[in-house]
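# Topology and contacts: notes
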Amino acid sequence: MQKLVYTANELKGSLTSLRNNGIKKGAWTGFSSLFDKYSVKRGSTTYIYAGAHQGKSQFAFEIMMNLAEFEGWKWAVYSPETGSPTEVFAELLWVYLRKPFLVNDKITATDEETDSAIEFINKHFYIVDSGLQDLSIEGFYTAVSQVEERHDIKIDGCLVDPFTEIKTDVSSGVRDDIAIGQVLTKVRKHSADNNFHTIVTVHTKHQQAKYKNGVPYVDVPTMNDIAGGMQWSRKGMMVLNVWRCPFGLEDENGIPYEPNQVKITVVKAKPKIVGKLGSVTLFYDKITNRYYERDEHGRKLFAYPQSN
């Protein structure tokens, strides 16, 4: 039976460890500018929200790949919007290779590079696929447990992309926001109990396009723009927004946005040592299917290992 009540004496050992060692920042996320505000803590969660075609799935894949490459993490991935398991693996291979996986006339990976990439992806990524069947959050985590047992491994991270592919109890008459909150509670509990980090992507509600100088754009959304927004705010640990900056307009300082500029905003950060509120500018490269930051000289820096 799950223990519900604790006393300080029962937890004296863990309190002593916390007192002496403190709370440590989470795992490296691939960029110094991003790591200043966002790291990935085991046993916790990240919720990534954005409007349509803003790049939330690509950003989630970036974070997964950086943790796989630089921290050795193994991932269970449920991403039906990306496609079939073959198509999800093809997307991961493109991200890992930093060049198109599919053969084309311009640039593509060699057979040797592809074979090496497949070997890496095979060790670090496991695709969960429900076919045409509805998948509950319990069903997803059961599948993760089966992956661990079958392959004799420990999964470090889980991706649910997007949240709308998870079955809720709305059809049973439960109010939408309450049903969402129930699922998010289970996500948080499973992550904590199994020492996973679970990333969940979620769409915002439809935002009406605005126009300025003939350029269409949507405002940076808030958590209230997500269905059941207050539940995401209450249940979330690390909550991020991805917003593709509208090329042709200027930022609040009068500086024109670049064509591939992306604003990553941390809107909630718990515990405080893991991250902090604020925005980071990254750039998305279509050829490599990766994000990069710029150094003080304006040079591109794709994801790199943390320096000692």
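How each quantity is defined
- Residues numbered from 1 in each chain as written.
- Predicted model: local features only at pLDDT ≥ 70, side-chain atom pairs only at ≥ 80, totals over all residues.
- Heavy atoms only, no water.
- Pairing = 2+ DSSP bridges.
- Helix = DSSP H or I, 4+ residues; strand = E, 2+ residues; numbered from the N terminus.
- Axes fitted to C-alpha atoms, helices over the stretch in contact; angles between N-to-C directions.
- Salt bridge = Lys/Arg side-chain N within 4 Å of Asp/Glu carboxyl O.
- Buried < 20%, exposed > 50% of the residue type's maximum accessible area, 1.4 Å probe, protein only.
- Expected span 1.5 Å × (residues − 1).
- Arc of directions from axis to C-beta.
- Contact = heavy atoms within 4.5 Å.
- Phe/Tyr/Trp six-rings, centres within 6.5 Å; stacked < 30°, edge-to-face > 60°.
- Lys NZ or Arg CZ within 6 Å of the ring centre and 35° of its normal.
- Core = buried A, V, L, I, M, F, W, Y, C linked by side-chain atoms within 4.5 Å.
- Parallel < 35°, antiparallel > 145°, perpendicular 65-115°, else oblique.
- Nonpolar A, V, L, I, M, F, W, Y, C, P; charged D, E, K, R; others polar.
- Patch = residues over 30% accessible without salt bridge, like charges linked within 9 Å, V, L, I, M, F, W, Y side chains within 5 Å.
- Areas by Shrake-Rupley, 256 points an atom, 1.4 Å probe, with all protein chains shown as cover.
- Left-handed = near helix turned anticlockwise from the far one by under 90°.

Attention now goes to the sheet that holds strand S3 (residues 125-127). Across the sheet, which stays open at both edges, the 10 strands sit in the order S3-S2-S4-S5-S1-S8-S9-S10-S11-S12 with mixed pairing between neighbours. If you trace the sheet from one side to the other, it starts and ends with S3 and strand S12 (300-302), each paired once. On average, each strand axis in the sheet is inclined to that of its neighbour by 30°, with strand direction left out of account. Alignment of strand S1 (residues 45-50) against strand S8 (residues 238-244), held across four bridges, turns out to be parallel. Among the inter-strand pairings, isoleucine 48 is bridged to a residue of S8, identified as leucine 240.

Our focus in this paragraph is the pattern of salt bridges. All chains considered together, the criterion is met by 13 salt bridges. The partner of arginine 42 in a salt bridge is aspartate 156, and the shortest N-O contact between them spans 2.7 Å. Here arginine 42 is found in the loop between helix H2 (32-35) and S1, whereas its partner aspartate 156 is found in the loop between helix H6 (137-151) and strand S4 (157-160), with 114 residues between them in sequence. By relative accessible area, arginine 42 is classed as partly exposed at 34%. What you see here is one network of salt bridges that share partners, running through Asp36, Lys37 and Lys276.

This brings us to helix H5 (residues 111-124). Look at H5: 20 Å from first C-alpha to last across 14 residues, which is about the 20 Å you get at 1.5 Å a residue. Those residues of H5 lying buried are Thr114, Ala117, Phe120, Ile121 and His124. Along the axis of H5, the buried positions cluster into a sector of 125°, meaning they face one direction only. In H5, those exposed residues whose orientation departs by more than 90 degrees from the buried face are Asp111, Glu112, Asp115 and Asn122. Against helix H3 (56-71), strand S2 (75-78), helix H4 (85-97) and S3 lie the buried residues of H5.

For the rest of this paragraph, the subject is the packing of aromatic side chains. Counting across every chain of the model gives 15 aromatic pairs. When the ring of tryptophan 73 is compared with that of tryptophan 75, the centres are 5.7 Å apart and the planes differ by 35°; the resulting orientation is tilted. Through a chain of ring-to-ring contacts, the aromatic side chains of Trp28, Phe31, Phe35 and Tyr304 assemble into a single cluster. Over the face of the ring belonging to phenylalanine 35 we find lysine 25, whose NZ or CZ atom lies 4.9 Å from the ring centre.

So, on to H4. The end-to-end C-alpha separation of H4 is 18 Å, in line with the 18 Å expected for 13 residues at 1.5 Å each. Those residues of H4 lying buried are Val88, Ala90, Leu92, Leu93, Val95 and Leu97. On the buried face of H4, the contacting elements are H3, S2, H5, S3 and strand S11 (290-294). Arginine 98, located one to two residues past H4, shows a positive phi value of around 60°.

So, on to the nonpolar core. Generally speaking, soluble globular proteins have nonpolar side chains that are buried together. Grouped together as the largest cluster of nonpolar side chains are 44 residues, with contacts concentrated most on Phe59, Trp75, Leu92 and Phe125. With eight residues, H3 is the single largest residue contributor to this core. In terms of nonpolar packing, the next biggest core, distinct from the first, is built from 30 residues, Tyr49, Val144, Ile180 and Phe196 among them.

Turning our attention to the pairing of S1. Here S1 lies mainly inside the structure; six of its six residues are buried. As judged from the six bridges shared by S1 and strand S5 (residues 197-203), these two strands associate in the parallel manner. Bridge assignment links alanine 50 to a residue of S5, and that residue is histidine 203.

Right, let's talk about the packing of H3 against H5 for a bit. Packing of H3 against H5 brings their axes to within 11 Å, and their N-to-C directions diverge by 95°. Judged by the inter-axis angle, H3 sits roughly perpendicular to H5. Residue-level inspection shows Met65, Ala68 and Glu69 of H3 in contact with H5, the latter providing Phe120, Ile121 and His124. Considering only residue class, the contact of H3 with H5 consists of four nonpolar, one polar and one charged.

Our next topic: a nonpolar patch on the surface. Taken together, the side chains of Tyr6, Leu11 and Leu15 define a hydrophobic patch exposed on the protein surface, amounting to about 280 Å² of accessible area. Residue position: leucine 15 is located in helix H1 (residues 12-21). Given a relative accessible area of 44%, leucine 15 falls into the partly exposed group.

Take the packing of H4 against H5 next. Across the interface, H4 lies against H5 with an axial gap of 10 Å and an inter-helix angle of 115°. Between H4 and H5, the crossing angle belongs to the class labelled roughly perpendicular. Crossing of H4 over H5 shows right-handed handedness. Two secondary-structure elements touch here, H4 through Phe89, Leu92, Leu93, Tyr96 and Leu97 and H5 through Glu113, Thr114, Ala117, Ile118, Phe120 and Ile121. Residues belonging to the contact of H4 with H5 are distributed by class as follows: nine nonpolar, one polar and one charged.

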